[in-house]
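Now for the letters of each chain:
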Amino acid sequence: MNLSSFWERSTPRTVRLEDPKVVAALAELGVQRESHTSLAELTSLGIGGTTDLLRTCRHEAIPDLLRLLDAHGVPHRFLGGGSNLLVRDGELPWVVLQLVSPEPDVVLEGNLAHVDAAADLGRTVTYCAKHDLGGMEGLIGVPGTVGGALRMNAGAYGMQIGAYVREVKLYRVATRKIETLRGHQISFEYRHTSFAPDDMMLAVILELPSKPYKEILQGIRICNEKRRSSQPLGQKSAGCIFKNPPGASAGRMIDELGLKGLRVGDAQVSDRHANFFINTGRASASDMLALIADVRERVTKAFDVVLECEVVVWNG
Ligand SMILES: Cc1cc2nc3c(=O)[nH]c(=O)nc-3n(C[C@H](O)[C@H](O)[C@H](O)COP(=O)(O)OP(=O)(O)OC[C@H]3O[C@@H](n4cnc5c(N)ncnc54)[C@H](O)[C@@H]3O)c2cc1C
């Protein structure tokens, strides 16, 4: 099939992903389609409606895939490990794209780690550690993928992944091409990066300092212990709901207002860490959003600070 002429002939909005021609085009691109997938099952909060999930490990297929979706007026979102997402309820008005890890997903070359964006972050940290490459100890216990960590500039205990980025391979929405950006071309700030919202991370080269495994392991143990003693691990959460405002701690402000345990339906401010909001059972996105709005309003009234969400909300 000639994909270009097929796209040009198609009428946006009328063709759905179930259309046999679209299904055939997806198969030709090596993209797997899972229909009516529940995002509640793919996110650490356990909240979210249903949509079609498109999965591939073929980076080179991404530009054609996005062109195909555009041509049919099908909006999309990128899903990593789903550990920093609050997804709306019901039938979702966009499809979800997810990269699948190739084998191997981490290749080491001296101090450089070539990592696929779909690689699990924790496994990447431990794999590098076992080969005497450190620096990322603080990221142990941060769930999700390396692509999600890059997009969020994930960090903890004084470090952030951006500090180790030598280059990123990504699909850039501005040029509609796969490109490589050097570390100095990207700005990494506190849970914020200069990537465009629709850029898709595909792979990264991390440059890591050499350290003996034993020393790295010691750092990992300390970070694990800090998490265990302060976070509601084992409960459904997305980590911190709010970013810390400059010079302050969102968790401390919420705690000072006595809001631990506050709930809307099954959405609850954790008893253990006031900036972790948990799904204690069957919380809906509406419950969680109402809890976020309530806490934000109380903090604004008390401290004259408007808290910004760290969790990415897919509510549109
Ligand atoms: C228990 C717990 C503890 C946590 N602790 C921390 C912590 O200490 N520090 C911290 O920074 N975070 C923490 N988090 C939040 C979360 O784990 C991180 O933000 C993580 O890096 C998100 O990665 P992910 O793959 O799950 O991304 P997702 O949740 O799937 O996506 C997050 C955002 O990244 C985008 N995205 C994902 N993959 C790609 C891609 N390949 N290309 C383009 N965009 C993409 C998504 O579209 C979305 O906008 C914690 C979460 C939990 C549940």
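Residues numbered from 1 in each chain as written. Predicted model: local features only at pLDDT ≥ 70, side-chain atom pairs only at ≥ 80, totals over all residues. Heavy atoms only, no water.

### A few points about the confidence of the model for the protein
Looking at the protein as a whole, its pLDDT mean stands at 94, while 95% of the residues score no less than 70. Across residues 1–15, where pLDDT falls below 50, the model places 26 contacts with residues more than four positions away in sequence or in other chains. (pLDDT = per-residue confidence, 0-100. Contact = heavy atoms within 4.5 Å.)

### Notes on the site of the ligand
Around the ligand there are 31 residues in total, and Phe78, Gly80, Ser83, Thr145 and Gly155 lie nearest to it. Serine 83 is positioned with one of its side-chain polar atoms (N or O) 2.7 Å from an oxygen atom of the ligand. In isolation the ligand exposes 980 Å². Once the protein is present, 93% of that is buried. Residue contributions to the shell around the ligand peak at 5 residues, all from helix 5 (residues 146–152). (Near = heavy atom within 4 Å. Polar contact = N/O pair within 3.5 Å; in protein donor to acceptor, adjacent residues only side chain to side chain. Areas by Shrake-Rupley, 256 points an atom, 1.4 Å probe, with all protein chains shown as cover. Helix = DSSP H or I, 4+ residues; strand = E, 2+ residues; numbered from the N terminus.)

### Points about the pairing of strand 7 (residues 112–116)
Of all 5 residues that make up strand 7, 4 are buried, and the element is covered over most of its length. Bridging between strand 6 (residues 106–109) and strand 7 involves 4 bridges; their strand directions are antiparallel. Within the sheet, the bridge partner assigned to leucine 108 lies in strand 7 and is alanine 113. What sits between strand 6 and strand 7 in their antiparallel hairpin is a turn of 2 residues, with glycine 110 showing a positive phi close to 60°. Taken together, the 5 bridges between strand 7 and strand 14 (residues 200–207) define a ladder with antiparallel strand orientation. Bridge pairing links leucine 112 to glutamate 207 in strand 14. (Buried < 20%, exposed > 50% of the residue type's maximum accessible area, 1.4 Å probe, protein only. Pairing = 2+ DSSP bridges.)

### Considering the sheet that holds strand 11 (residues 177–182)
On the basis of which strands lie adjacent, the open sheet formed by 5 strands has the order 6-7-14-10-11 and antiparallel pairing. Lying at the two open borders of the sheet, with one neighbouring strand each, are strand 6 and strand 11. The sheet shows a mean angle of 15° between the axes of neighbouring strands, taken without regard to direction. The sheet contacts of helix 4 (residues 121–130) involve strand 6 and strand 7, and relative to strand 6 the element is tilted by about 30°. (Axes fitted to C-alpha atoms, helices over the stretch in contact; angles between N-to-C directions.)

### Notes on the side chain of serine 270
Note that serine 270 resides in the loop between strand 16 (267–269) and strand 17 (277–279). Overall, serine 270 belongs to the buried group, its relative accessible area being 0%. Residues in contact with serine 270, not counting those within four places in the same chain, are Pro232, Lys260, Gly261, Phe276, Phe277 and Ile278.

### Topic: the environment of methionine 136
Looking at the element boundaries, methionine 136 is found in the loop between helix 4 and helix 5. The spatial distance from the C-alpha of methionine 136 to the C-alpha of proline 104 is 20 Å, given a sequence separation of 32 residues. Once you skip the residues sitting within four places of it in the chain, methionine 136 turns out to touch Val125, Met159, Tyr164, Leu206 and Leu208.

### Quick notes on the side chain of threonine 124
Within the element layout of this structure, threonine 124 appears in helix 4. For threonine 124, a relative accessible area of 2% translates into the label buried. When neighbours within four sequence positions are excluded, threonine 124 is seen to be in contact with Val106, Val115, Ala119 and Val146.

### Observations regarding the packing of aromatic side chains
What describes a pair of aromatic rings is the distance from one ring centre to the other and the angle between the planes of the rings. Across all of its chains, the model carries 3 aromatic pairs by this definition. Their ring planes at 80° and their centres at 6.1 Å tell us that phenylalanine 188 and phenylalanine 195 sit as a pair that is edge-to-face. Judged by relative accessible area, phenylalanine 188 falls into the buried class, the value being 15%. Aromatic side chains phenylalanine 242 and phenylalanine 277 sit 5.8 Å apart centroid to centroid with 85° between the ring planes, which places their arrangement in the edge-to-face category. With phenylalanine 242 in the loop between helix 6 (213–230) and helix 7 (250–256) and phenylalanine 277 in strand 17, the pair connects residues that are 35 residues apart, well separated along the chain. Residue phenylalanine 277 is classed as buried on the basis of its relative accessible area of 0%. (Phe/Tyr/Trp six-rings, centres within 6.5 Å; stacked < 30°, edge-to-face > 60°.)

### Re the state of the cysteines
If you walk through the whole model with that rule in mind, you get 0 disulfides. The thiol of cysteine 223 is unpaired, and the distance to the nearest cysteine sulfur, on cysteine 240, comes to 15 Å. Of all cysteine sulfurs in the structure, the one in cysteine 309 sits closest to cysteine 240, which takes part in no disulfide; the separation is 12 Å. According to the relative accessible area criterion, cysteine 240 is partly exposed, its value standing at 23%. (Disulfide = S-S within 2.5 Å.)

### Quick look at helix 4
For helix 4, every residue scored as buried is listed here: Leu121, Gly122, Thr124, Val125, Cys128 and Ala129. Buried residues of helix 4, viewed axially, fall in a sector of 165°; they line one side. N-capping of helix 4 is provided by aspartate 120, with a side-chain oxygen placed 3.2 Å from the backbone N of glycine 122. Once helix 4 finishes, aspartate 132 follows within two positions and takes phi at roughly 65°, a positive value. (Arc of directions from axis to C-beta.)

### Observations regarding the pattern of salt bridges
If the charged atoms of two oppositely charged side chains come close together, the side chains can form a pair. On inspection of all chains with the given rule, the structure shows 14 salt bridges. Across the salt bridge formed by arginine 298 and aspartate 294, the nearest N and O atoms sit 2.9 Å from each other. Placement of the pair is arginine 298 and aspartate 294 together in helix 8 (residues 285–303), with a separation of 4 residues, close to one helical turn. Judged by relative accessible area, which is 24%, aspartate 294 ranks as partly exposed. (Salt bridge = Lys/Arg side-chain N within 4 Å of Asp/Glu carboxyl O.)

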